[in-house]
Amino acid sequence: MKKLSVFLLAAMLLNIALPQDRSDLDEFILEQMEIFHVPGLSAVIVKDDSVFWHNSYGYMNLEDSLPVHDSTLFNVFSIGKTITTSCVMQLWDEQFLGLEQNLNDIISFQVTNPYNDIDSITPRMLMTHTSSIRDWMIENYIVLGDPTESLASFLENYLCPGGTHYVINNYYNLTPGTTYHYSNVGIALLGFLAEPLTGITFNQYARDSMLSPLEMDNSAWFLDELNLDNLAIGYTYSGGAFSPNFHIGTAGYPGVSFRTTALELANFNIMLLNGGWFNGLNILSSDAIDSMSTVQNPGWSSSYGLTGLGMFQRTDLGSRTVWGHNGGSTLGYAAQFYFCKEESSGVVILSNSEQYVDPIVEYLFNYVLATKIDDDHDPAVIGLRIYPNPARDVIHLMIDGEHILKETMMYNQSGQIVLHLNGKMNEIDVSTLPSGIYILEAKLEEGVARKKFVKR
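In what follows, the accompanying structure is described.

The rules we used
Residues numbered from 1 in each chain as written. Predicted model: local features only at pLDDT ≥ 70, side-chain atom pairs only at ≥ 80, totals over all residues. Heavy atoms only, no water. Helix = DSSP H or I, 4+ residues; strand = E, 2+ residues; numbered from the N terminus. Buried < 20%, exposed > 50% of the residue type's maximum accessible area, 1.4 Å probe, protein only. Contact = heavy atoms within 4.5 Å. Pairing = 2+ DSSP bridges. Axes fitted to C-alpha atoms, helices over the stretch in contact; angles between N-to-C directions. Phe/Tyr/Trp six-rings, centres within 6.5 Å; stacked < 30°, edge-to-face > 60°. Salt bridge = Lys/Arg side-chain N within 4 Å of Asp/Glu carboxyl O.

Considering unusual backbone geometry
For residues that are not glycine, phi is negative in most cases, and the peptide bond is trans in most cases.
1) Next: Even without being a glycine, Asp48 presents a positive backbone phi close to 60°.
2) Next: By the element assignment, Asp48 lies in the loop between strand E1 (40-47) and strand E2 (50-61).
3) Next: With a phi angle near 60°, Asp117 is a residue other than glycine that sits in the positive phi range.
4) Next: If you trace the backbone, Asp117 turns up in the loop between helix H3 (79-93) and helix H4 (123-127).

Structure (structure tokens):
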């Protein structure tokens, strides 16, 4: 029996409601937003190497009644840890460092656990939160706006005796590499490794090597790099009312203050889902991603799940296994991104509330799976081709075999229908469409085929 058929049978036996269409999806999300007290939310489903569906709901700014839109930025907090880890894994790909290398061989100051004088902390320990570096009174280093202290200065003053931020409690009385303790400072140190290795700040290295290739041009760690008109206000819900939060920063920024849009974070998700490839660019090796999405030790787990490298594994979103990260649940934001290798799909949800919305995450994974069940056909088998791609004025459709085209639909990245044609159509005028990425859906007697194309 096919895996999809097994899923459908299980859903029927357990009386699980399968998503039926886009209106059901919108209704479910809006219901959950009300239940979880979410002012605004942006969500994306990715399938294979492209956006399958996207929509935005509610308000990015309640006081001015500004709705969430495609370009709305949210603070995704700890999801920045996965991006930071991916940047350092690029350096591993290029043999700039080893995962078991003593980081004191890389940086100019010495990091030593004062309880046991062990100085052999490694990049792998930082990625798995087993470095013995502790977030002690970390709230003391949060500031309004952007930080004025550099990452290098903060880390040296926090980790080294005599530093202005140093106390012995900045470390756990544990042997590095043996015990899991979530560490924001540890990820900050991980990101900092890029600076002595490349000669530029981590922020700039990430921009050059990860964000720009992924077309995440509106995303950044610092407020002065953002279009603040697009930055959602984060809200705390209490006593039946929403209270706005200030935009904050910290010198230990790599794992705690990344801002992005749902569609741009979806590009990162697509890259991880597709073995390091995005739009023809090999950004990260498949070996690096396989290492990141391998459980490092079954005993190293938290509320996030089992620990990989910069990511966590979850098995509680239906019967599937997913990898990814949550971010926030504080200071007015909560974000989630996951991908499922077996189903070749991923989900991104960003919001300006402090509530993780697992029911929506699971529903979105089920939605793309149920849609494929309804189609009862693998689009790749039909062999739909579009040329030229990218296109400016006209696209041509080629369908392998003796398939009869009944209907053609075209969706933008928000999941909205922008074109609907009946009957056989080998040539389509797209000259009036705005530039962007579109999904063409060809309905045939044998099933449905979909293909992404780019309108210049």
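So, next bit.
Some remarks on the environment of Ser435
1) Next: Looking at the element boundaries, Ser435 is found in the loop between strand E22 (427-429) and strand E23 (436-444).
2) Next: A relative accessible area of 57% means that Ser435 is categorised as exposed.
3) Next: For Ser435 and Ser132, which are 303 residues apart along the polypeptide, the C-alpha to C-alpha distance reads 49 Å.
4) Next: Here Ser435 is in contact with Lys455 and Arg456, once residues within four sequence places are set aside.

What about the sheet that holds strand E3 (residues 66-67)?
1) Next: One open sheet holds the 9 strands; their spatial order is E3-E2-E1-E17-E16-E15-E14-E13-E12, and the pairing between them is antiparallel. Each edge of the open sheet carries a strand with a single partner, namely E3 and strand E12 (301-302).
2) Next: Bridge count between strand E15 (residues 322-330) and strand E16 (residues 333-340): 7 bridges; the pairing is antiparallel. Pairing of Trp323 across the sheet is with Phe339, part of E16.
3) Next: Together, E15 and E16 form the strand contacts of H3, whose direction differs from that of E15 by roughly 130°.
4) Next: Contacts from helix H9 (residues 262-273) reach E1, E2, E16 and strand E17 (345-351), with the element oriented near 150° to E17.

Overview of the packing of aromatic side chains
1) Next: This structure, assessed with the given rule, holds 18 aromatic pairs.
2) Next: Between Trp221 and Tyr253, the ring centres sit 6.2 Å apart and the planes meet at 65°, which makes this aromatic pair edge-to-face. Taken together, the residues Trp221 in the loop between helix H8 (202-211) and strand E6 (235-238) and Tyr253 in the loop between strand E8 (248-250) and strand E9 (258-260) connect sequence positions 32 residues apart. Each member of the pair, Trp221 as well as Tyr253, is classed as buried.
3) Next: Through successive ring pairs, a cluster of aromatic residues spans Phe202, Trp221, Phe222, Tyr253 and Phe258.

Points about the pattern of salt bridges
Two side chains with opposite charge may pair up if their charged atoms get near one another.
1) Next: Applying the stated criterion across every chain yields a total of 5 salt bridges.
2) Next: Across the pair Arg124 and Glu100 runs a salt bridge whose closest N-O atoms are separated by 2.5 Å. Remark: Glu100 occurs in the loop between H3 and H4 and Arg124 occurs in helix H4; sequence separation between them is 24 residues.
3) Next: By relative accessible area, which is 52% here, Glu100 ends up exposed.
4) Next: The partner of Arg320 in a salt bridge is Glu343, with the nearest N and O atoms 3.0 Å apart. Taken together, the residues Arg320 in the loop between strand E14 (312-314) and E15 and Glu343 in the loop between E16 and E17 connect sequence positions 23 residues apart.
5) Next: Judged by its relative accessible area of 10%, Glu343 falls in the buried class.
6) Next: Counted as one network, the salt bridges with shared partners bring together Arg314, Asp316 and Asp358.

Keep in mind that these numbers describe shape and distance, not what the molecule does.
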